[in-house]
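# Chain and residue survey
Single-letter residue listing:
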Amino acid sequence: MDRPLTGKTVLVTGAAKRIGRSIALALAERGADVAITYLSSQTEAQQTVHALAAHDVDALAIRCDLRNPEDIEQTVAAVINDLGRIDLLVNNAGIFASEALENISVDQWDAMFTTNTRAPFLMARAAHPHLRAVKGRILNIGSLGGLHPWATHGHYCTSKAALHMLSKTMAKAWAPEISVNCIAPGMIVQGEVEEAYEHFARKTPMQRNGTAEDVAAAAVFFATAPHFITGQLLAVDGGLGL
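The text that follows walks through the structure, step by step, so that each part is easy to find. (Residues numbered from 1 in each chain as written. Predicted model: local features only at pLDDT ≥ 70, side-chain atom pairs only at ≥ 80, totals over all residues. Heavy atoms only, no water.)

### Brief notes about the nonpolar core
Ranked by internal contacts, the top residues of the largest apolar core, which has 35 residues, are Val12, Ile23, Leu27, Val90 and Ile183. Residue assignment for this core shows that the elements contributing at least two residues are β1 (9–12), α1 (18–29), β2 (33–38), α2 (42–53), β4 (88–91), β5 (137–141) and α7 (212–224). The leading source of residues in this core is α7, at eight residues. The contact partners of valine 12, leaving out residues within four places of it in the chain, are Gly20, Ile23, Ala24, Leu27, Val34, Ala35, Ile36, Thr37, Val90 and Asn92. (Core = buried A, V, L, I, M, F, W, Y, C linked by side-chain atoms within 4.5 Å. Buried < 20%, exposed > 50% of the residue type's maximum accessible area, 1.4 Å probe, protein only. Helix = DSSP H or I, 4+ residues; strand = E, 2+ residues; numbered from the N terminus. Contact = heavy atoms within 4.5 Å.)

Here it is in structure tokens:
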């Protein structure tokens with residue numbers, strides 16, 4: 001496999017499992033050294049590091065509570081200390097929850113925005129000088145819910161819509177040294193079989209739901225695309241960019 005990211009270092013948040021793990025592995029396959037963060041999934045994180053290292057790259061797992069600004073600063077410092085640089089930051093970590101709009105509590109609202117919107121901003125701010133020094137990139141993982149209103153996910157949808165706007169603002173504020181883009185996945189399944197998933201699949205042009213590998217492929221595109229591609233939001237749904 002072509003390894004265009006050889007010599008580059010990537011930091012992927014929340015990458016012990018699921019979509020983040022697929023993104024991290026896809027970037028390692030292309031030659032990047034990869035640092036991942038986790039919160040409570042230590043065993044899965046170590047397994048992911050082992051899988052990353054199998055691609056003959058350096059790999060590192062760091063426990064980071066993205067709700068804690070000090071943890072975020074220390075995580076970026078640890079990546080620089082251990083791997084020497086950061087060329088790409090992938091803000092993947094997020095939380096998802098459903099609740100009737102009228103029942104969303106202040107704590108639920110704040111928790112959603114703390115992880116889904118504030119943490120990507122703080123992580124990007126901490127990484128900014130290192131990314132600027134190497135003309136690096138930021139990739140935020142948004143959601144189709146940030147583009148379409150889901151009645152029982154008001155706090156989630158709003159937090160992701162804010163992340164989409166944050167991505168565009170970062171792209172404008174930090175160009176031309178840093179390119180910033182965003183991927184907005186739709187329904188992503190990883191082996192689950194439920195009628196609700198089939199319902200969503202029937203609504204997509206390709207008649208199937210997206211996979212973690214689809215999102216990872218989009219991440220590879222933005223990681224290797226010409227540097228002038230910035231401020232773009234790519235929706236990934238049913239295996240087709242919409």
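The rest of the description comes next.
### Brief notes about the pattern of salt bridges
For the structure shown, the criterion picks out four salt bridges. For aspartate 65, the salt bridge goes to arginine 67, with nearest N and O atoms at 2.9 Å. On the basis of relative accessible area, arginine 67 is assigned to the partly exposed category, the value being 49%. Between arginine 85 and aspartate 87 there is a salt bridge whose closest N-O contact spans 2.7 Å. For aspartate 87, a relative accessible area of 5% gives the class buried. (Salt bridge = Lys/Arg side-chain N within 4 Å of Asp/Glu carboxyl O.)

### Notes on the packing of aromatic side chains
To describe a pair of aromatic rings, one takes the distance between the centres and the angle between the planes. As enumerated under the stated definition, the model contains four aromatic pairs in all. Judged by centre distance (4.8 Å) and plane angle (80°), the rings of phenylalanine 96 and tyrosine 156 are edge-to-face. In this pair, phenylalanine 96 is assigned in the loop between β4 and α4 (106–133) and tyrosine 156 in helix α5 (residues 154–174), connecting sequence segments 60 residues apart. Overall, the relative accessible area of 54% leaves phenylalanine 96 in the exposed class. The class for tyrosine 156 is buried, based on a relative accessible area of 9%. For the pair tryptophan 150 and tyrosine 156, a centre-to-centre distance of 6.2 Å together with 15° between the ring planes defines the contact as stacked. Members of the aromatic cluster, connected to one another through ring pairs, are Phe96, Trp150 and Tyr156. (Phe/Tyr/Trp six-rings, centres within 6.5 Å; stacked < 30°, edge-to-face > 60°.)

### Observations regarding the pairing of β5
Of all five residues making up β5, five are buried, and the element is well covered by its neighbours. Between the parallel elements β4 and β5, the chain passes through α4 in a crossover that is right-handed. Across five bridges, the pairing between β5 and strand β6 (residues 179–185) is parallel. Following the sheet pairing, arginine 137 is matched in β6 by serine 179. Following the chain from β5 across α5 to the adjacent parallel β6, one finds a crossover that is right-handed. (Right-handed = clockwise from strand over helix to strand, strands pointing away. Pairing = 2+ DSSP bridges.)

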